[in-house]
Amino acid sequence: MTTWVQREIRLQPQPRGFHLVTREVLGALPEIDNVEVGLLHLLILHTSASLTLNENASPDVRRDFETWFNEAVPERASYWTHTLEGADDMPAHIKAALLGPSLTLPLNHGRLALGTWQGIYLCEHRDRGGSRSLVATMWGSTGED
Amino acid sequence: MTTWVQREIRLQPQPRGFHLVTREVLGALPEIDNVEVGLLHLLILHTSASLTLNENASPDVRRDFETWFNEAVPERASYWTHTLEGADDMPAHIKAALLGPSLTLPLNHGRLALGTWQGIYLCEHRDRGGSRSLVATMWGSTGED
Amino acid sequence: MTTWVQREIRLQPQPRGFHLVTREVLGALPEIDNVEVGLLHLLILHTSASLTLNENASPDVRRDFETWFNEAVPERASYWTHTLEGADDMPAHIKAALLGPSLTLPLNHGRLALGTWQGIYLCEHRDRGGSRSLVATMWGSTGED
């Protein structure tokens, strides 16, 4: 039997930068326990923040992400025309598209089937992005007919 | 009951740049109306165009996307070796990989569950890419046993 | 009836660069033959290698991918702080996030429904990454009630 769960999750507001949110996301999805084999899809409902999966141990990795993206997508470059929402806005849209708005992650025996060093990042590209919302959709087999 | 729909969608040809195609895609998928909870997956069948989700209101955002990607992945750089299909070809492959060939989007009560400002972009990275094709796959629960 | 298959696939070790692995992946998933309509999800269980879909014919395209990513995410830049795992490590994390850790691909009549020129790339961003593992999850309709 295929089970479906879909719910909106409102994340804690974060400062600009890259943040580990694996526990916060899983805490909002207790039904994962019942999935034998399935998938979890997360979509961030914003165009200036994004989701990715990366190293879950060293804070300096997440700091270097912020540094590199600021180098690659500079604020106050002469070529931006969409500037009326602030210098951080248009770079935030580009960064969000490079990293992507969604993640699809396998579920196995009631757990996320990730690598040892993988964690879910909320990538906050605005100076004051506020609370960000996700739509989480889980579907899979519960192992019962 | 899980329902499945899969179909190829041929998009209108677009000039090089970033284009909103949400309505065009939805118009080809009337069965979304019947999905209580589910997902829509879109794959573009090309390696020099891509799909992303971003700001659906300001044309200047889409123009700045084109500008930034042309700055970041320059034509006629001295390091390209794959040049026989034109100066726009190899940069198009890189841009397509950065943005990605597919989108997975949640469905809820017969509608795409997107943020207010999110729209589907067709990212046309070639000068004359012609018509681009997607495979759309929808699956979900119709709410009936 | 929805069928589910989930399995870990250990890929052959590859040197740093971009490698076509479509056949290797499909060879590990004989059950695709039985899927009438469905999807295949692949997640790489590492944070310094990635997956993408791109041109499957010209080796020079894959070489130019390696060149561009090395230009865009330089080793030994003065801004890196996470350097204790080697000069190739932090750039590998950024490249992996830009390309992404997963692919979702449509299945139709027992085959991957890709474009003519599309192939699955394993993107190895470390100098000595060793063997990389994927979690493959397939789900779909077998066409039987």
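As a reminder, the structure under discussion sits directly above these lines.
So, here's what we can say about the structure. (Residues numbered from 1 in each chain as written. Chains lettered and ligands numbered in written order. Predicted model: local features only at pLDDT ≥ 70, side-chain atom pairs only at ≥ 80, totals over all residues. Heavy atoms only, no water.)

**Overview of the overall build of chain A**
Argument step 1. If you tally the helices and strands in chain A, you get three helices and eight strands.
Argument step 2. When the helices and strands of chain A are listed from N to C terminus, the series reads β-β-α-β-β-α-α-β-β-β-β.
Argument step 3. Based on the C-alpha atoms only, the size of chain A along its principal axes is roughly 60 × 30 × 20 Å.
Argument step 4. Sequence-distant contacts, at least 24 apart, represent 83% of the contacts inside chain A between residues at least 6 apart.
Argument step 5. Element-wise, carbon and sulfur atoms account for 45% of the exposed surface of chain A, whose accessible area totals about 5700 Å².
Argument step 6. Averaging the locations of the 12 positively and 18 negatively charged side chains of chain A gives two centres separated by 7 Å. (Helix = DSSP H or I, 4+ residues; strand = E, 2+ residues; numbered from the N terminus. Contact = heavy atoms within 4.5 Å. Areas by Shrake-Rupley, 256 points an atom, 1.4 Å probe, with all protein chains shown as cover. Lys, Arg positive; Asp, Glu negative; His and termini not counted. Charge placed at Lys NZ, Arg CZ, Asp CG, Glu CD.)

**A closer look at the interface of chain A and chain C**
Argument step 1. With 33 residues of chain A at the interface, the matching set in chain C holds 29 residues.
Argument step 2. By the criterion of area lost to chain C, the three top residues of chain A are A:Asp64, A:Trp68 and A:Gln118, representing 24% of everything that side buries.
Argument step 3. At the boundary of chain A and chain C, one finds zero salt bridges.
Argument step 4. Taken together, the connections running from chain A to chain C amount to 11 residue pairs in polar contact (both at pLDDT 80 or more).
Argument step 5. In terms of residues, the side of chain A that touches chain C owes the most to one element, helix H2 (residues 59–72) of chain A, which gives nine residues.
Argument step 6. Across the side of chain A that touches chain C, the residue classes break down as 16 nonpolar, 12 polar and five charged. (Buried area = accessible area lost by both parts, 1.4 Å probe. Salt bridge = Lys/Arg side-chain N within 4 Å of Asp/Glu carboxyl O. Polar contact = N/O pair within 3.5 Å; in protein donor to acceptor, adjacent residues only side chain to side chain. Nonpolar A, V, L, I, M, F, W, Y, C, P; charged D, E, K, R; others polar.)

**Focus: the sheet that holds strand S7 (residues 118–124) of chain B**
All names here are of chain B.
Argument step 1. Read from one edge of the open sheet, three strands run S2-S7-S4, paired in antiparallel fashion. Every other strand in the sheet has two partners, leaving strand S2 (17–20) and strand S4 (49–55) as the edge strands with one partner each. For this sheet, the mean angle separating the axes of adjacent strands, direction not counted, is 35°.
Argument step 2. In terms of strand pairing, S2 meets S7 through four bridges, oriented antiparallel. Its bridge partner being in S7, His 19 is matched across the sheet by Leu 122.
Argument step 3. The sheet strands contacting helix H3 (residues 89–99) are S2, S4 and S7, and the helix crosses S4 at an angle near 45°. (Pairing = 2+ DSSP bridges. Axes fitted to C-alpha atoms, helices over the stretch in contact; angles between N-to-C directions.)

**Topic: the packing of H3(B) against helix H2 (residues 59–72) of chain C**
Argument step 1. Running from N to C, H3(B) and H2(C) point in directions that differ by 65°, and their axes come no closer than 10 Å. Of the possible angle classes, the one that applies to H3(B) and H2(C) is roughly perpendicular. For H3(B) against H2(C), the interelement crossing comes out right-handed. The segment H3(B) lies against H2(C), with B:Met90, B:His93, B:Ile94, B:Ala97 and B:Leu98 engaging C:Val61, C:Asp64, C:Phe65, C:Trp68 and C:Phe69.
Argument step 2. Broken down by class, the residue content of the contact of H3(B) with H2(C) amounts to eight nonpolar, one polar and one charged. (Parallel < 35°, antiparallel > 145°, perpendicular 65-115°, else oblique. Left-handed = near helix turned anticlockwise from the far one by under 90°.)

**A closer look at the relation of the copies chain B and chain C**
Argument step 1. Overlaying chain B with chain C gives an RMSD of 0.0 Å, the required rotation being 120° about an axis along which the chain moves by 0.0 Å. The superposition operator between the copies reduces to a three-fold rotation axis. In terms of C-alpha distance to the rotation axis, chain B has B:Leu98 as its closest residue, with the C-alpha 3.4 Å off the axis. (Least-squares fit on C-alpha atoms with pLDDT ≥ 70 in both.)

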